[in-house]
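Spelled out from the first residue to the last, the chains are:
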There are 2 protein chains.
Amino acid sequence: MTVKQLSLPELTEACLGLGVPGIGLWREPVQAYGVERAAKLVREAGLTVTTLCRGGFLTATDADEWTRALDDNRAAVVEAATLGTDTLVLVSGGLPPGSRDLPGARERIADALGILAPYAQEHGVRLAIEPLHPMFAADRCAVSTLTQALDIAERFPAEQVGVVVDTYHIWWDDQAPAAVARAGAGGRIHSFQLADWVTPLPAGVLNGRGQLGDGAIDLRAWREQVDAAGYTGPIEVELFNDALWARDGVEVLSETAMRYVRHTV
Amino acid sequence: MTVKQLSLPELTEACLGLGVPGIGLWREPVQAYGVERAAKLVREAGLTVTTLCRGGFLTATDADEWTRALDDNRAAVVEAATLGTDTLVLVSGGLPPGSRDLPGARERIADALGILAPYAQEHGVRLAIEPLHPMFAADRCAVSTLTQALDIAERFPAEQVGVVVDTYHIWWDDQAPAAVARAGAGGRIHSFQLADWVTPLPAGVLNGRGQLGDGAIDLRAWREQVDAAGYTGPIEVELFNDALWARDGVEVLSETAMRYVRHTV
């Protein structure tokens, strides 16, 4: 998503040129290109697919919608397996229209995981609950903290359900460092993502993530904490940013790689 | 602030007409009108000043700025005492320019309270730390949860420092109900404020608070929790909302009073 202006072949080529060893993919561009074809492209380039984004949206109270959501998540699991990644990232879903019941939404997420997690494991895929910043609690994700995400994940085996540590969503939380350690000790850090926090936020607040180093987050400190928690997996940079998307994609990818080295290594 | 389009005399008259028994005031309009004069106006109308907003911004690393902030807060304490309210609300301040040290900012807030709290008590004023929604952590308030606010407040006597419970800022937090109970048990709920959560958020996210009943927050449940915690003080409605400010102020005040009754009583 950081460089969604690039086609999959352009992205693959640019990663190879920069020495970026893996890429996190999103379902929509993969589906548009063809899942098998995308898998072949990335595999033949020698790149790793680090994660597939995203499943989730598991909070519907309407029975048909709930069934459709489960079916869609099963499809996402199969896509992840086809792409050769072991991790499907979940954005769990917010409040159904008219609802004010956040605890109820969180329970439906857990209920859905009880159905989906064994299915995913059969396909060699782990589900990764991504807590989203509390500003998304109503409309996108009722799971707002890493502690909450772990509370749900720990109802299941670590091989089935873990969490995403994304600096953008958790940087403000004084309890997140302890949650990172807890997640690491349990083998539940299934993905580690970086983005910086910049203000003012844009309308809708979705596409205001900052380039690494431009904002308020001590990225190196978070990297060190995740390291100390025993995480040795890939580190993704995920920037939703209209200004970055308006620029040349290869240039943005190159800048991002340099920022990554400068601010986290 | 809910009806900042009204002058202080208009506001006072409208409150009397609706049977609203008290008003929370902001420093800027009070200063523009004259603090003594505002105090007299409200007192003679028989209204209570529930709180004064706001002191705070206590996170400067620059020594001169820090001194100026303390002086400004002492002035706010005197203004609160003059207005006859016992509560000064604090918006604690975010990160200083270029800083990425949130824990450091929180410690400076606590340091400042150590100086200001006894001064406030001498003037019959309690300081109320308002945790702001985590989306304001960088630029407005490094205190993002009620638990954090309490952790700081509890370093001081309850007569000196307490917290503000504002539904808009804490509604997403699964740990906030326990913090409400803890704050109540300690006699530290110094203010209770209502606003609803509506999406999409506007650019800058400051002026997007929803009219009561328009959004995602179960306001009655929060009111019941604050009641159960033993709070018997005034309840304020604080809506920063460009659309409400563009309308007739008396109409907005009347609507707000009706919404208050409908959604919380």
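Residues numbered from 1 in each chain as written. Chains lettered and ligands numbered in written order. Predicted model: local features only at pLDDT ≥ 70, side-chain atom pairs only at ≥ 80, totals over all residues. Heavy atoms only, no water.

## Digging into the side chain of Ser144 of chain B
- Position of Ser144 of chain B among the secondary structure elements: in the loop between strand S4 (126-129) and helix H6 (146-153).
- When its relative accessible area of 1% is taken as the criterion, Ser144 of chain B is described as buried.
- When neighbours within four sequence positions are excluded, Ser144 of chain B is seen to be in contact with Trp172 of chain A together with Pro131, Leu132, Pro134, Ala137 and Trp172 of chain B. (Helix = DSSP H or I, 4+ residues; strand = E, 2+ residues; numbered from the N terminus. Buried < 20%, exposed > 50% of the residue type's maximum accessible area, 1.4 Å probe, protein only. Contact = heavy atoms within 4.5 Å.)

## Describing the relation of the copies chain A and chain B
- When chain A is fitted onto chain B, the two copies agree to an RMSD of 0.0 Å after a turn of 180° and an axial shift of 0.0 Å. When the rotation and shift are considered jointly, the pair of chain copies conforms to a two-fold rotation axis. Of every C-alpha in chain A, the one belonging to Ala203 of chain A sits nearest the axis of rotation, 1.8 Å from it. (Least-squares fit on C-alpha atoms with pLDDT ≥ 70 in both.)

## Some details on helix H4 (residues 63-83) of chain B
All names here are of chain B.
- With 21 residues, H4 should reach 30 Å at 1.5 Å per residue; the first-to-last C-alpha distance of 30 Å fits that figure.
- Taken together, the buried positions of H4 are occupied by Ala69, Leu70, Asn73, Ala76, Val77, Glu79, Ala80 and Leu83.
- Two or three places before Asp64, at the start of H4, stands the capping residue Asp62, its side-chain oxygen 3.1 Å from that residue's backbone nitrogen.
- The first or second residue beyond H4 is Gly84, which carries a positive phi of 85°. (Expected span 1.5 Å × (residues − 1). Polar contact = N/O pair within 3.5 Å; in protein donor to acceptor, adjacent residues only side chain to side chain.)

## Concerning the pattern of salt bridges
- What the rule picks out here adds up to 28 salt bridges over all chains.
- The partner of Arg27 of chain B in a salt bridge is Asp72 of chain B, with the nearest N and O atoms 3.1 Å apart. Placement of the pair is Arg27 of chain B in helix H2 (residues 27-33) and Asp72 of chain B in helix H4, with a sequence separation of 45 residues.
- According to the relative accessible area criterion, Asp72 of chain B is partly exposed, its value standing at 38%.
- Ionic contacts of the salt-bridge type, sharing partners, join the residues Arg27, Asp72 and Glu79 of chain A into one network. (Salt bridge = Lys/Arg side-chain N within 4 Å of Asp/Glu carboxyl O.)

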